[in-house]
Amino acid sequence: RKEVEQDPGPFNVPEGATVAFNCTYSNSASQSFFWYRQDCRKEPKLLMSVYSSGNEDGRFTAQLNRASQYISLLIRDSKLSDSATYLCVVNMTALIFGKGTTLSVSS
Amino acid sequence: NAGVTQTPKFRVLKTGQSMTLLCAQDMNHEYMYWYRQDPGMGLRLIHYSVGEGTTAKGEVPDGYNVSRLKKQNFLLGLESAAPSQTSVYFCASSYGDSSYEQYFGPGTRLTVT
């Protein structure tokens, strides 16, 4: 049973588009949630934590639905520099990483 | 402030050879981790450490050993490399447990032939 599932994509969008990624997790005891960003052949870096009430950081909005065990990431006004793989990460005493969703933003 | 560094960046081994990957962090973090990342898989935890002198197994510990003799260093050893250990290895560190942000090193690309 996969613990953290993401649509691998790729999502190909033009600059300025709004794009949303979804993630589901299997363990209802999961304690905290994150989105990490990984550029090609680079290390993952924290994009944002995901809080129960939902949170926003500039063009990025993250939401958590504990009842449905579902996390989302919304990117508004996409930039070329947003092209990367976005990793959904769930903390269940250790971090469990999804396989990632690839975003490609084109001009 | 270099953050998390890893040595070496690339390595090719023959089956049965041994090697040690070195991870160093200058952020005075207590927790350190070793992950591997394979195509089509998420990052998987190999071993981790919650402080100097302590280590614990993660999800995929077989074939690997670790040591944390100094707070700033976390070593990953492969005693007898196998082709299945071909992967990208990432080290990470965090101030506290896994509810804290993890800072990753640049990775080591290991090929076992």
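As the structure is a prediction and not an experimental result, all values here were calculated from the model.

Caption draft 1: Geometry of the overall build of chain A. Scanning chain A from terminus to terminus reveals zero helices and eleven strands. Ordered by position in the sequence, the α and β elements of chain A form the string β-β-β-β-β-β-β-β-β-β-β. Against the 2.2 N^0.38 benchmark of 13 Å for 107 residues, chain A shows a C-alpha radius of gyration of 13 Å, consistent with a compact globule. Structurally, chain A occupies a C-alpha span of about 40 × 30 × 20 Å along its principal axes. Counting over 107 residues, chain A shows a buried share of 47%. Carbon and sulfur atoms make up 46% of the accessible area of chain A, which amounts to about 5,300 Å² in all. Each charge sign in chain A was given a centre, from 11 positive and 10 negative side chains, and these centres are 4 Å apart.

Caption draft 2: Just the interface of chain A and chain B, in detail. Listed per partner, the contact involves 17 residues of chain A and 16 residues of chain B. Carbon and sulfur atoms make up 55% of the area that chain A and chain B hide from each other, which totals about 1,400 Å². Contact with chain B buries surface across chain A, with Arg41, Glu43 and Phe97 of chain A losing the most and accounting together for 33% of the total. Applying the counting rule to chain A against chain B returns zero salt bridges. Counting across the interface, chain A meets chain B through five residue pairs in polar contact (both at pLDDT 80 or more). Residue assignment for the side of chain A that touches chain B shows that the elements contributing at least two residues are strand E4 (32-38), strand E5 (44-50), strand E9 (84-91) and strand E10 (95-97) of chain A. Tallying contributions element by element places E4 of chain A first for the side of chain A that touches chain B, with four residues.

Caption draft 3: Quick peek at the sheet that holds strand E7 (residues 60-65) of chain A. Residue and element names in this part refer to chain A. Read across the open sheet, the five strands follow the order E1-E3-E8-E7-E6; overall the sheet is antiparallel. Looking at the sheet topology across the chains shown, the edges are occupied by strand E1 (4-6) and strand E6 (55-57). Neighbour to neighbour, the strand axes of the sheet diverge by 20° on average, direction disregarded. Bridge count between strand E3 (residues 19-25) and strand E8 (residues 70-75): six bridges; the pairing is antiparallel. Note on E8: the bridge partner recorded for Phe21 is Leu73.

Caption draft 4: Representation of the pattern of salt bridges. Counting across every chain of the model gives seven salt bridges over all chains. With its nearest N and O atoms 3.6 Å apart, the salt bridge here joins Arg76 of chain A to Glu56 of chain A. Note that Arg76 of chain A is positioned in the loop between E8 and E9 and Glu56 of chain A in strand E6, a separation of 20 residues in sequence. When its relative accessible area of 59% is taken as the criterion, Glu56 of chain A is described as exposed. Between Asp38 of chain B and Arg44 of chain B there is a salt bridge, and its shortest N-O distance comes to 2.8 Å. Each member of the pair Asp38 of chain B and Arg44 of chain B is classed as buried. Taken together, the salt bridges that share partners define one network made up of Arg36, Asp38 and Arg44 of chain B.

Caption draft 5: Main features of the sheet that holds strand E1 (residues 4-7) of chain B. Residue and element names in this part refer to chain B. Pairing is antiparallel in the open sheet, where four strands are placed in the order E1-E3-E8-E7. Looking along the sheet, the strands with just one partner apiece sit at the ends: E1 and strand E7 (65-67). Across the sheet, the mean angle separating the axes of adjacent strands is 20° when strand polarity is ignored. By the bridge criterion, four bridges tie E1 to strand E3 (residues 19-25) in an arrangement that is antiparallel. Note that in E3 the partner of Val4 across the bridge is Gln25.

Criteria and cut-off values
Residues numbered from 1 in each chain as written. Chains lettered and ligands numbered in written order. Predicted model: local features only at pLDDT ≥ 70, side-chain atom pairs only at ≥ 80, totals over all residues. Heavy atoms only, no water. Helix = DSSP H or I, 4+ residues; strand = E, 2+ residues; numbered from the N terminus. Rg over C-alpha atoms; globule rule 2.2 N^0.38 Å. Buried < 20%, exposed > 50% of the residue type's maximum accessible area, 1.4 Å probe, protein only. Areas by Shrake-Rupley, 256 points an atom, 1.4 Å probe, with all protein chains shown as cover. Lys, Arg positive; Asp, Glu negative; His and termini not counted. Charge placed at Lys NZ, Arg CZ, Asp CG, Glu CD. Contact = heavy atoms within 4.5 Å. Buried area = accessible area lost by both parts, 1.4 Å probe. Salt bridge = Lys/Arg side-chain N within 4 Å of Asp/Glu carboxyl O. Polar contact = N/O pair within 3.5 Å; in protein donor to acceptor, adjacent residues only side chain to side chain. Pairing = 2+ DSSP bridges. Axes fitted to C-alpha atoms, helices over the stretch in contact; angles between N-to-C directions.

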